[in-house]
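Structure at a glance
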Amino acid sequence: MKAFTYLTPGSAEEAVGLLGQHGPQAQVIAGGQSLLLAMKTRTARPSALVSLAGVDDLAGVRLAASGELVVGATTTYAALSRAPLTGWHTEIAAVAGNLADRPVRTMGTIGGALCDAGPRYDMLTLVTGTGARLEVLGPSGVRTLSPGEFFAPGGGTTLAADEILAAIRFPAADAFTRVVFAKFRQRTFDAALASVLCAARPGNGGVQITVGAVRPVPVVATAADPEAVAAEVLDAAGGPPLVQYQRELVRTLTAQTLSTVNGS
Amino acid sequence: MVNVTITVNGQPVAADIDERTLLLEFIRDVAGLTGTHNGCLEARCGCCSVELDGAIVKSCNVLAVQAAGRSVTTIEGLSPQRLHPAEHITTGSLAGMYQPLDMLGADAADLHPVQAAFHKCHALQCGFCTPGMVMALKNYLAENPEPTRDDIRAAIAGNLCRCTGYQHIIDAGMEAAEQLRAQADA
Ligand SMILES: Cc1cc2nc3c(=O)[nH]c(=O)nc-3n(C[C@H](O)[C@H](O)[C@H](O)COP(=O)(O)OP(=O)(O)OC[C@H]3O[C@@H](n4cnc5c(N)ncnc54)[C@H](O)[C@@H]3O)c2cc1C
Ligand code: FES
Ligand code: FES
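Residues numbered from 1 in each chain as written. Chains lettered and ligands numbered in written order. Predicted model: local features only at pLDDT ≥ 70, side-chain atom pairs only at ≥ 80, totals over all residues. Heavy atoms only, no water.

What follows is about the overall build of chain B. On a plain count of helices and strands, chain B comes out with six helices and five strands. The order of α-helices and β-strands along chain B, N terminus first, is β-β-α-β-β-β-α-α-α-α-α. A burial count over chain B gives 49% of its 186 residues as buried. Here the analysis covers contacts within chain B between residues at least 6 apart in sequence; of these, 57% occur between residues at least 24 apart. Carbon and sulfur atoms provide 51% of the accessible area of chain B, an area that totals close to 8700 Å². (Helix = DSSP H or I, 4+ residues; strand = E, 2+ residues; numbered from the N terminus. Buried < 20%, exposed > 50% of the residue type's maximum accessible area, 1.4 Å probe, protein only. Contact = heavy atoms within 4.5 Å. Areas by Shrake-Rupley, 256 points an atom, 1.4 Å probe, with all protein chains shown as cover.)

Right, here's the structure in full:
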């Protein structure tokens, strides 16, 4: 690890100010679960760490007047998995409670996963597939981005060095009648080799399939048939060509989520 | 350098440390408690698991500064076998410190129920993973007192054991759950 100074702002605005003051070599630390691994191998070498742990209003889950579910960026997986949610929002808690392992879920945050933007992280598929909106705070205030705007097309994010992710706004509980997430991983604590989210809209809205982990950013399919979805993901831009097992995983997981959604 | 105080097993431990110090290093090298093991240093093996304000974490993937002002419970906090930090670790001092239970005039009844269950179910061989396994299970059983074997498997998904093949550890988890329930009813 390279030496760094450790800064503990008390508010989100102060955190943004410190990032500006210390320049692009400064980096935010939320839970540190990805960042510390990168710092140990010196693939990340920040000269200053700006901790968000002391910023209370960045953590926690609440319902907005609009019905949107607002999840603070530093809400840990452990807290999210225990949040008292209703309707399709319960799938958010279920996904948060079934990734990595319990110790990593104690520290790891939803915002950390999204800003790290590991293609195989479950939260990327979840926010993309449900069309969540991402609230980004910078020196000139808040801007709200779609997942397509937040994630850079080739991987990573479009965040500026002095911006932080403040919150994730998931659509209201009545936006979908059912949301089902499925993934395949080699061992329980491994990140997904492929993940699929199937979101069913009310009325004749149909279903929306989103495929994660096989491309740098999740692919939102236009089709809702396993074969056609796999073909679309195959054609999607970015990364090396899909290999056989990935195509089969996409097909199988799509079929699985569709049958769960249709079966109830 | 930064001055940090962390309460370890109820005792405040203060020191000037390099910002890069991991919580694991603080526990072992500053507090002198070597029951918390370093097996991988990359959040994979779980040998370094401790409780931070009652929640389970891998202490190799947390900075000591992230734990400043907070409370840590390590394996040494579970039973009165080893309450005094080691100044200097030698084979001799270790022999004095880790007395067999009977030499302490103690028996399995003095162990934490999870430790006693590991003893009873033969849930360790070399013992390297054991502190982490015990901490992970102790923490999990407080959240779910009536686990299934699969629940136990999921709870220790982040803990690797190279010796036992896990089955006896799962036995011990089930046994400890039963003992803890009996204790709660009494
Ligand atoms: C052993 C292990 C197993 C794992 N398994 C899985 C798995 O099965 N599925 C899965 O999805 N993930 C898995 N992960 C990854 C996990 O999701 C992330 O490590 C974790 O959630 C990142 O969150 P954090 O708060 O620890 O982020 P940090 O490590 O603190 O930060 C990560 C990056 O994001 C930046 N950042 C963090 N928060 C913000 C913010 N609010 N604004 C701007 N930038 C920010 C940091 O500067 C850093 O670059 C695993 C990780 C480990 C260590
Ligand atoms: S030493 Fe911490 S998980 Fe292996
Ligand atoms: S008993 Fe040897 S690693 Fe588990």
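Glancing now at the overall build of chain A. A tally of helices and strands in chain A yields 10 helices and 12 strands. Its C-alpha radius of gyration of 18 Å places chain A within 12% of the 18 Å reference for a compact globule of 264 residues. Expressed as lengths along the three principal axes of its C-alpha atoms, the size of chain A is roughly 50 × 45 × 35 Å. Sequence separation of 24 or more characterises 57% of the internal contacts of chain A that already satisfy a separation of 6 or more. Looking at chain A as shown, the accessible area adds up to about 10900 Å², and 53% of this sits on carbon and sulfur atoms. (Rg over C-alpha atoms; globule rule 2.2 N^0.38 Å.)

Attention now goes to the domain arrangement of chain B. In many analyses, interface size is given as the accessible surface area lost on bringing the parts together. Residues and elements named next belong to chain B. As far as domains go, chain B holds domain 1 (2-77) and domain 2 (108-185). The C-alpha-based centres of domain 1 and domain 2 are spaced at 21 Å. In this assembly, 18 residues from domain 1 lie in contact with 14 residues from domain 2. Summing both partners gives a buried area of about 1200 Å² for domain 1 against domain 2, and 59% of it is carried by carbon and sulfur. In this structure, the connection of domain 1 to domain 2 is made through one salt bridge. A salt bridge links K138 to E51; the shortest N-O distance between them is 2.9 Å. (Domains from an automatic or database assignment. Buried area = accessible area lost by both parts, 1.4 Å probe. Salt bridge = Lys/Arg side-chain N within 4 Å of Asp/Glu carboxyl O.)

Before going further, it helps to spend a moment on helix α1 (residues 12-22) of chain A. Residues and elements named next belong to chain A. Inspection of α1 places A12, A15, V16, L18 and L19 among the buried residues, and these make up the whole buried set. Angularly, the buried residues of α1 cover 160 degrees about the axis, an arc narrow enough to put them on a single face. Turned more than 90 degrees away from the buried face of α1, the exposed residues are E13 and Q21. Residues of α1 that are buried sit in contact with β1 (5-7), β2 (26-29), β3 (48-51), β6 (133-138) and β8 (164-170). Of the residues trailing α1, G23 is marked for its positive phi of about 75 degrees. (Arc of directions from axis to C-beta.)

This part takes up the interface of chain B and chain A. Tallying the contact residues gives 26 residues for chain B and 25 residues for chain A. Of the roughly 2100 Å² buried at the junction of chain B and chain A (both faces included), carbon and sulfur atoms supply 60%. Considering only the surface of chain B that becomes buried against chain A, R20(B), N61(B) and Q66(B) emerge as the three largest contributors, covering 27% of it. Applying the counting rule to chain B against chain A returns four salt bridges. The salt bridge involving R44(B) is made with D190(A); its shortest N-O contact spans 3.4 Å. Scanning the region where chain B abuts chain A turns up 11 residue pairs in polar contact (both at pLDDT 80 or more). (Polar contact = N/O pair within 3.5 Å; in protein donor to acceptor, adjacent residues only side chain to side chain.)

This part is about helix α9 (residues 226-235) of chain A. All names here are of chain A. Buried within α9 are the following residues: P226, V229, A230 and V233. The buried residues of α9 all sit within an arc of 100 degrees when viewed along its axis, so they share a single face. The inward-facing, buried residues of α9 contact β11 (207-212), β12 (219-220) and α10 (244-262).

On the secondary structure map, Q66(B) appears in the loop between β4 (55-58) and β5 (71-73). In sequence terms Q66(B) and L23(B) are 43 residues apart; their C-alpha atoms lie 8.2 Å from each other. Residues in contact with Q66(B), not counting those within four places in the same chain, are Y6(A), I29(A), A30(A), G31(A), G32(A), L36(A) and M107(A). Polar contacts involving the side chain of Q66(B) include one to the main-chain amide nitrogen of L63(B), which spans 2.8 Å.

Membership of the largest hydrophobic core comes to 36 residues, with the highest contact counts inside it found for L114(A), M123(A), I168(A) and F170(A). If we skip the residues at most four places from it in the chain, L114(A) touches M123(A), L124(A), V127(A), L134(A), F150(A), F151(A), T157(A), L165(A) and I168(A). Counting 31 residues, the second-largest nonpolar core is a separate cluster that includes I29(A), L49(A), I27(B) and A31(B). (Core = buried A, V, L, I, M, F, W, Y, C linked by side-chain atoms within 4.5 Å.)

Moving on, we come to the side chain of T257(A). Residues and elements named next belong to chain A. Within the secondary structure, T257 sits in helix α10. You can call T257 buried: its relative accessible area is 0%. Leave out the neighbours within four places in its chain, and T257 touches V180, F181, A182, V196, C198 and I209.

Attention shifts here to the packing of aromatic side chains. Residues and elements named next belong to chain A. Using the criterion set out here, one finds three aromatic pairs over all chains in the structure. On the basis of an interplanar angle of 75 degrees and a centroid distance of 6.2 Å, the ring pair of W88 and F170 is categorised as edge-to-face. Of this pair, W88 sits in the loop between α3 (77-82) and α4 (90-96) while F170 is found in strand β8, placing the two residues 82 residues apart along the sequence. Their ring planes at 85 degrees and their centres at 5.3 Å tell us that W88 and F176 sit as a pair that is edge-to-face. Of this pair, W88 sits in the loop between α3 and α4 while F176 is found in the loop between β8 and β9 (178-184), placing the two residues 88 residues apart along the sequence. With respect to burial, W88 and F176 carry one shared label: buried. Three or more aromatic residues joined by ring pairs form one cluster here, namely W88, F170 and F176. (Phe/Tyr/Trp six-rings, centres within 6.5 Å; stacked < 30°, edge-to-face > 60°.)

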